[in-house]
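Now for the letters of each chain:
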Amino acid sequence: MFLSAIVMMKNRRSITVEQHIGNIFMFSKVANAILFFRLDIRMGLLYLTLCIVFLMTCKPPLYMGPEYIKYFSDKTIDEELEKDKRVTWIVEFFANWSSECQSFAPIFADLSLKYNCSGLQFGKVDVGRYTDVSTRYKVSTSPLTKQLPTLILFQGGTEIMRRPQIDKKGRAVSWTFSEENVIREFNLNELYQKAKKQQKPREEGPEEPPAVPAAAPQESKKDK
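Conventions used here
Residues numbered from 1 in each chain as written. Predicted model: local features only at pLDDT ≥ 70, side-chain atom pairs only at ≥ 80, totals over all residues. Heavy atoms only, no water. Buried < 20%, exposed > 50% of the residue type's maximum accessible area, 1.4 Å probe, protein only. Helix = DSSP H or I, 4+ residues; strand = E, 2+ residues; numbered from the N terminus. Pairing = 2+ DSSP bridges. Right-handed = clockwise from strand over helix to strand, strands pointing away.

Extensive coverage of strand 3 (residues 120-126) is indicated by the burial of 6 of its 7 residues. Examined bridge by bridge, strand 2 (residues 88-94) and strand 3 share 7 bridges and lie parallel to one another. Counted as the bridge partner of Phe 94 is Asp 126 from strand 3. In this fold, strand 2 hands off to helix 5 (residues 99-115), which returns the chain to strand 3; that crossover is right-handed.

See below:
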């Protein structure tokens, strides 16, 4: 109980009970490894080897539910953001190994189902896989910086804001990735209404010019 209280106080960005439990197990494994090494170095090495094998073979579950999200690669993200300046993009920079990203995945998917339209779209890019994207958009993948996940709002292909914010030391400012916080901080309701208003003229299209009546044929002199 004392260990769990310390973990929950230290890791304020955790947003679910499952994530708190996962962090407690992680710290417990580290504590067990230290105890085994102090007891017998061979037992410590064996325990460490088993933990590594477990982490490599038992991958964490990924969210597979419904969503309106476009997944970018290192070659498509720049092109997609620049393609239509009228489209506002909210892009999540994530990594599959990050427990914070896994916890946020169903929340981001639910937001995309509620707010996605032609003028407001949601995207994701795996910076754990495309490391050059993390460099271009200045999103650190180091667990020490706690910058994953990062949400960036793009309008006209230009970054407008991001969460979490980064301090002078390059560490993320503590911010809870809840649905309420994303809606409030990114003004999703306002963005959605503006996008819907812009969508109507495009759906209606330009008005067709009135048809010009054809001129009546003139009688020739021969007919007279």
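From this point on, the discussion continues.
Let us look at the environment of Ala 33. Following the sequence through the fold, Ala 33 ends up in helix 2 (residues 17-39). Exposure remark for Ala 33: the relative accessible area of 12% places this residue in the buried category. Through-space distance from the C-alpha of Ala 33 to that of Met 43 is 8.8 Å; in sequence the pair is 10 residues apart.

Cis geometry is adopted by the peptide bond preceding Pro 149, which originates at Leu 148 and carries an omega value of -5°. Within the secondary structure, Pro 149 sits in the loop between helix 6 (131-136) and strand 4 (150-155). That bond from Arg 163 to Pro 164 is cis: its omega, 0°, falls within 30 degrees of zero. Mapping Pro 164 onto the fold places it in the loop between strand 5 (158-163) and helix 7 (179-185). Phi at Lys 138 is positive, roughly 55°, even though this residue is not glycine. By the secondary structure assignment, Lys 138 is in the loop between helix 6 and strand 4. Within the chain, Asn 187 stands out as a residue other than glycine whose phi angle is a positive 50°. Inspection of the secondary structure assignment puts Asn 187 in the loop between helix 7 and helix 8 (188-204). Looking at Asn 187, the relative accessible area reads 42%, which means it is partly exposed.

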